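So the chains spell out like this:
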Amino acid sequence: MSTGKFIVIEGMEGAGKSSAIAVIESTLNKYGIEYVNTREPGGTPLAEALRNMVKSVDHQEKLTVETELLLMYASRSQLLANKILPALAAGKWVIGDRHDLSSRAYQGGGRGFDEAIMNTISDITLKGFRPDITLYLDIDPHIGLSRAKARGDLDRIELEQMEFFIRVHNKYRELAKQDESIITVDASQAMLKVHQDIEKSVIAFIVKTALV
Ligand code: TMP
């Protein structure tokens, strides 16, 4: 049996990740491809507990940048070992709502965390594991944040200042440009067009996978 593929969806708050995931799901369904869903941080019972810690606004103390980064990677380690790798080995595809690129953008770009140290932590956690394809939904942070605010309660990270999100956005764009496995989708277009672009990219990837 061939191993499955890992498709990741990335983007800032309000970029439309949830509806993009629904498009990926229906495309895989059309091709009869079995898949499981993951989200980061989270995706296993222990990783979900870490997610709550990361998102909570109720801490009695400030989370340090280092704690935030390590919680993201601790969660990713649990998810990789207990869910992603077993699913791929069983021939299933995995649709990931965020992965390592989020840490690069938020902790690297947003918090200014040192890249060389992040590379080491990422290597320890992932041991070279990478998504097969990443769809990055690119949205102006002003638009994305206003959509997220309209949705309701903001979590600890969503309460950051606009300058933080501008740094995150710049880092996402910089990294997407450097890596040909990352496909940038213009999420400011009409929703139908965004969904068509996503479907087209996923179909192209399925076809390419079938040919190799
Ligand atoms: P979301 O998945 O509901 O968008 O929430 C996850 C939040 O955590 C979001 O603000 C992005 C942030 N995040 C990081 O800062 N670093 C990471 O590595 C990941 C996976 C998420």
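Residues numbered from 1 in each chain as written. Predicted model: local features only at pLDDT ≥ 70, side-chain atom pairs only at ≥ 80, totals over all residues. Heavy atoms only, no water.

Colleague: With reference to specific residues and values, describe the sheet that holds strand S2 (residues 35-39).
Modeller: Strand order in the open sheet formed by five strands is S2-S3-S1-S4-S5, and the pairing between neighbours is parallel. A single partner strand is all that each edge strand has here, and the edge strands are S2 and strand S5 (182-186). If you compare each strand with its neighbour and ignore which way they point, the axes differ by 20 degrees on average. Where S2 and strand S3 (residues 93-97) come together, five bridges link them in parallel fashion. Within S3, the residue paired with Arg39 across the bridge is Asp97. Contacting strand S1 (6-11), strand S4 (133-138) and S5, helix H7 (residues 162-178) runs over the sheet at an angle of about 140 degrees to S4. (Pairing = 2+ DSSP bridges. Helix = DSSP H or I, 4+ residues; strand = E, 2+ residues; numbered from the N terminus. Axes fitted to C-alpha atoms, helices over the stretch in contact; angles between N-to-C directions. Contact = heavy atoms within 4.5 Å.)

Colleague: Please give an account of the nonpolar core that cites residues and values.
Modeller: The biggest cluster of nonpolar side chains holds 41 residues, and the ones touching the most others in it are Ile24, Leu28 and Ile198. For this core, the leading source of residues is H7, giving six residues. Setting aside anything within four residues of it in sequence, one finds Leu28 in contact with Ile7, Ile33, Tyr35, Trp93, Ile95, Val202 and Ile206. Grouped together as the second largest cluster of nonpolar side chains are 11 residues, Phe6, Val36, Leu80 and Phe129 included. (Core = buried A, V, L, I, M, F, W, Y, C linked by side-chain atoms within 4.5 Å. Buried < 20%, exposed > 50% of the residue type's maximum accessible area, 1.4 Å probe, protein only.)

Colleague: Before we move on, could you go through the side chain of Thr38 and cite the residues and values that matter?
Modeller: Structurally, Thr38 can be placed in strand S2. Thr38 has contacts with Phe6, Leu79, Lys83, Ile84, Val94, Ile95, Gly96 and Asp97, leaving out every residue within four places of it along the chain.

Colleague: Outline the site of the ligand, supporting the account with residue identities and numerical values.
Modeller: Neighbouring the ligand are 14 residues; Glu13, Lys55, Arg76, Ser103 and Gln107 lie closest to it. Contact distances for the ligand include 2.9 Å between an oxygen atom and a side-chain N or O atom of Glu13. A distance of 3.0 Å separates an oxygen atom of the ligand from a polar side-chain atom of Arg76. Here the ligand loses 93% of its free accessible area of 480 Å² to cover by the protein chains. Elements that contribute at least two residues to the shell around the ligand include exactly helix H2 (45-55), helix H3 (65-89) and helix H4 (100-110). Grouping the constituent residues of the shell around the ligand by class yields four nonpolar, three polar and seven charged. (Near = heavy atom within 4 Å. Polar contact = N/O pair within 3.5 Å; in protein donor to acceptor, adjacent residues only side chain to side chain. Areas by Shrake-Rupley, 256 points an atom, 1.4 Å probe, with all protein chains shown as cover. Nonpolar A, V, L, I, M, F, W, Y, C, P; charged D, E, K, R; others polar.)

Colleague: Now, about the environment of Ile33: what can you tell me, with residues and values included?
Modeller: Position of Ile33 relative to the elements: it lies in the loop between helix H1 (17-30) and S2. Relative accessible area serves as the criterion here: at 16%, Ile33 is assigned to the buried category. For the pair Ile33 and Asp100, spaced 67 residues apart in the sequence, the C-alpha separation amounts to 24 Å. Ile33 has contacts with Leu28, Trp93 and Ile206, leaving out every residue within four places of it along the chain.

Colleague: Go over the pairing of S3 with me, naming the residues and quoting the values.
Modeller: Counting buried positions over the five residues of S3 gives five, a clear majority of the element. Of the two faces of S3, the one holding Trp93, Ile95 and Asp97 and the one holding Val94 and Gly96 are both buried throughout. Where S1 and S3 come together, four bridges link them in parallel fashion. Paired with Ile7 across the bridge in S3 is Ile95.

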